[in-house]
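Spelled out from the first residue to the last, the chains are:
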Amino acid sequence: MKLLFVVGLLSALLSHSARAELIIEITEGITNATSIAIVPFGSSGARVEEDLAAIVSADLHRSGQFAPLDRSKMLSLPTDESQVFYRDWQSKTNGAEYLVIGSLDREADGKFRVDYQLFDVYQQKSVKKWFAKGTDLRALSHYISDVLYKELTGIRGAFSTKMVYVTMEYVNKNKASAGQRYRLYVSDVDGYNERVLLESSEPILSPSWAPNGRHIAYVSFKSTRPAIYIMDTLTKQEKKITGFPGLNGAPRFSPDGRELAMVLSKDGNPEIYIMNLSSGALKRVTNHYSIDTEPAWTPDGESIIFTSERGGSPQIYKQHLDSGKVVRLTFDGSYNARPELTPDGRFLAMVHRSNGIFHIAVKDLVRGTFSVLTETDLDESPSIAPNASMIIYATTFEGRGVLAAVSLDGRVKVRLPSRIGNVREPGWSPFL
Amino acid sequence: MSIVLNRKIKIMFALIASLAIAGCSSTPEDTTPPEDETVIETTDDTMVDESSVEGGAMGEGYGAAEEVDPALQNRVVYFDFDKATVKPEAVATLQAHANYLSNTPGARVRVEGHADERGTREYNMALGERRAKAAVSFLVANGASVAQLEVISYGEERPVALGHDDASWAENRRAELKYTAEAP
């Protein structure tokens, strides 16, 4: 049975979201999500700008694997172990399997210190106690989410990561010819702390991260022709990498960050090339009269996977760089494109068309199973979280481009509607 | 050569027919054109008079008709889904521009290829380029010179119709001819 619910976020969170461009709605969660109560953290006097417990709750909620207890249902608000009474958390309606409490302090060096503790309500015992220090309260909150997530699921949390995405607005939304406004953004993965990296009336597309989590590569038409650029997201310093005649597209850093795979059509039609970023030397990878595009690297850096219509329809292929050996990876349906692999190389995410509708699909390359994960339409640009928990992608909702995320097993679905424009082409950063 | 000529004659007939229809349905402000003549309007509403298309012009007066060829006013050709083949409906337009380019060595055109929103962005970039190149190949095969033409693909980034339906998609799958020098 599917559990469908749209969550208006905690009011505390919303009150802080005035600047944030994205809001998060869980559109589909798992039925057996773990219930957890994150009690508002105590603070010793100092005025605190952020509601840490609310941020942690939202993080865990967004993973789809946790069902945080609504604050209004909490029978007590302990901030110290001595104030914890398990009976307050054991009720069916007001209870939770796990309890988290914490307190915030400001230290002499101006840094915040959070002491927090996890309790197992069923077993009536403290699981673990931690502390965390930092200057940025949202970053501290995401760090706490990462620690709790790891403790409870065994999987490294990806709440402290970032994403890049592109927005496009029409100057006049009823008249395409009046012009467009493209913006390239970077933000925390929950949509907060967004910063505009680049703004242009010409298209911006295909942003992707370097493995250092700091630089990005993308395509910009600002010179009136497509060209590939690399930008330092901290300084916004930009460097033009290519500007060949024809296509300059789909840049992807190699796992060691030293090379950039890309698509160029300078030699006649779209082919995959690899550029050595220190020497600028180009190496041609594919050589076929059909369209070859959308390269991605295997985690070992030894092969490129890419979209090609050499078999008559777009499908995903893998080419070993040294031997040149090519194997076809997808056989389900007549359109599979924009491949991306999980960090362990086992799962292949892609855009899949069935009955004219574009969905996100995943193929388990070990078992060979193929599954369509989404039910929306015009889904594209899948980008996998560094812990492989979720795939963020672009889709349409109420006629606009929005971001959404789905778990690799398809059980959790999250929508990130934006207040403005069309949001597209999300790129999830590596672990930072 | 004879095929091209035949095509030209066919286009002429099509032109005359469409002009006749245009002449019947439109009501120019100043003068009503004589019954056996057709006045052609340019896009900026300037009347190009004395450019009657008569049966007698068919043989030797071809060049004169070319300069006001309304097919030149059309700068867009359309493509089928996931295809980059020039459709029969696009031939008259491309032929007219090929003729113009061939007769106007100083003219320069930027051919922009576009795709509809379906499918991935980079694949659509490649598809848009393929469409622009198909238009360019036609132009070159019919008299334009490669040096006059520039290709750029916008993929699905520059739609003209904003709907998410078949009609909008059909309008967006196109190649546009943008003159950068000596436009007709």
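Rules behind the numbers
- Residues numbered from 1 in each chain as written.
- Chains lettered and ligands numbered in written order.
- Predicted model: local features only at pLDDT ≥ 70, side-chain atom pairs only at ≥ 80, totals over all residues.
- Helix = DSSP H or I, 4+ residues; strand = E, 2+ residues; numbered from the N terminus.
- Rg over C-alpha atoms; globule rule 2.2 N^0.38 Å.
- Buried ≥ 20, exposed ≤ 12 C-beta atoms within 10 Å, placed from the backbone.
- Contact = placed C-beta atoms within 7 Å.
- Nonpolar A, V, L, I, M, F, W, Y, C, P; charged D, E, K, R; others polar.
- Core = buried A, V, L, I, M, F, W, Y, C linked by C-beta atoms within 7 Å.
- Pairing = 2+ DSSP bridges.
- Axes fitted to C-alpha atoms, helices over the stretch in contact; angles between N-to-C directions.
- Parallel < 35°, antiparallel > 145°, perpendicular 65-115°, else oblique.
- Left-handed = near helix turned anticlockwise from the far one by under 90°.

Let's talk about the overall build of chain A
- The secondary structure content of chain A amounts to three helices and 31 strands.
- For chain A, whose C-alpha radius of gyration is 23 Å, the value lies close to the compact-globule estimate of 22 Å for 432 residues.
- Its C-alpha atoms give chain A principal-axis dimensions of roughly 75 × 45 × 45 Å.
- When burial is assessed residue by residue, chain A has 47% of its 432 residues classed as buried.
- Counted over contacts in chain A with a minimum sequence separation of 6, partners at least 24 positions apart contribute 46%.

Points about the interface of chain B and chain A
- Across the boundary between the two partners, chain B contributes 18 residues, which contact 26 residues of chain A.
- At the level of secondary structure, the elements contributing two or more residues to the side of chain B that touches chain A comprise α4 (121–141) and β5 (149–155) of chain B.
- Considering each element in turn, the side of chain B that touches chain A owes the most residues, six residues, to α4(B).
- Taken together, the residues that form the side of chain B that touches chain A break down as eight nonpolar, four polar and six charged.

Quick look at the environment of Val171(A)
Residues and elements named next belong to chain A.
- Looking at where Val 171 falls in the secondary structure, it is placed in strand β8 (residues 162–172).
- The class of Val 171 is exposed, set by 12 C-beta atoms lying within 10 Å.
- Taking C-alpha positions, Val 171 is 9.5 Å from Ser 201, a pair spaced 30 residues apart along the chain.
- Those residues within four positions of Val 171 in sequence are excluded, and the remaining contacts are Ala 178, Gly 179, Gln 180 and Arg 181.

Observations regarding the nonpolar core
- Ile391(A), Val111(B) and Ala135(B) are the most contacted members of the largest nonpolar core, which totals 103 residues.
- In terms of residue count, α4(B) provides more of this core than any other element does, ten residues in total.
- Ignoring anything within four residues of it in the chain, the contact list for Val111(B) reads Ala132(B), Ala135(B), Val136(B), Leu149(B), Glu150(B), Val151(B), Ala175(B) and Leu177(B).
- One finds Ile55(A), Leu99(A), Leu140(A) and Ile144(A) within the second-largest nonpolar core, a separate group that totals 34 residues.

Points about the sheet that holds strand β10 (residues 195–200) of chain A
Residue and element names in this part refer to chain A.
- With antiparallel pairing, four strands are arranged side by side in an open sheet as β10-β9-β8-β31. The strands lining the two open edges of the sheet, one partner per strand, are β10 and β31 (422–428). Adjacent strand axes in the sheet meet at a mean angle of 20°, parallel and antiparallel pairs treated alike.
- With ten bridges joining them, β8 and strand β9 (residues 175–188) adopt antiparallel strand pairing. Paired with Met 168 across the strands is Tyr 182, a residue of β9.

Some remarks on the pairing of strand β15 (residues 248–253) of chain A
- Counting buried positions along β15(A) gives six out of six residues, so the element sits mostly inside the fold.
- Linking β15(A) back to strand β16 (residues 259–264) of chain A in an antiparallel pair, the connection comprises five residues, with Gly257(A) at a positive phi of about 75°.

Considering unusual backbone geometry
- Unlike most non-glycine residues, Ser206(A) shows phi in positive territory, near 55°.
- Assignment of secondary structure puts Ser206(A) in strand β11 (residues 204–209).

Comments concerning the sheet that holds strand β30 (residues 413–416) of chain A
All names here are of chain A.
- One open sheet holds the five strands; their spatial order is β1-β30-β29-β28-β27, and the pairing between them is antiparallel. With partners counted over all chains shown, the strands left at the sheet margins are β1 (25–28) and β27 (380–384), one partner each. Put simply, the sheet's adjacent strands are angled 30° from each other on average, direction ignored.
- Bridge analysis of β27 against strand β28 (residues 390–397) gives three bridges, and the strand direction is antiparallel. Its bridge partner lying in β28, Glu 380 is registered against Ala 394.

Quick word on the packing of helix α3 (residues 88–103) of chain B against α4(B)
Residues and elements named next belong to chain B.
- Their axes nearest at 8 Å, the elements α3 and α4 cross at an angle of 55°. Classified by the angle their axes make, α3 and α4 are oblique. Relative to α4, α3 is oriented so that their crossing is right-handed. For the pair α3 and α4, the contacting residues are Leu 94, His 97, Ala 98 and Leu 101 in the first and Ala 135, Phe 138 and Leu 139 in the second.
- A per-class count over the contact of α3 with α4 returns six nonpolar, one polar and no charged.

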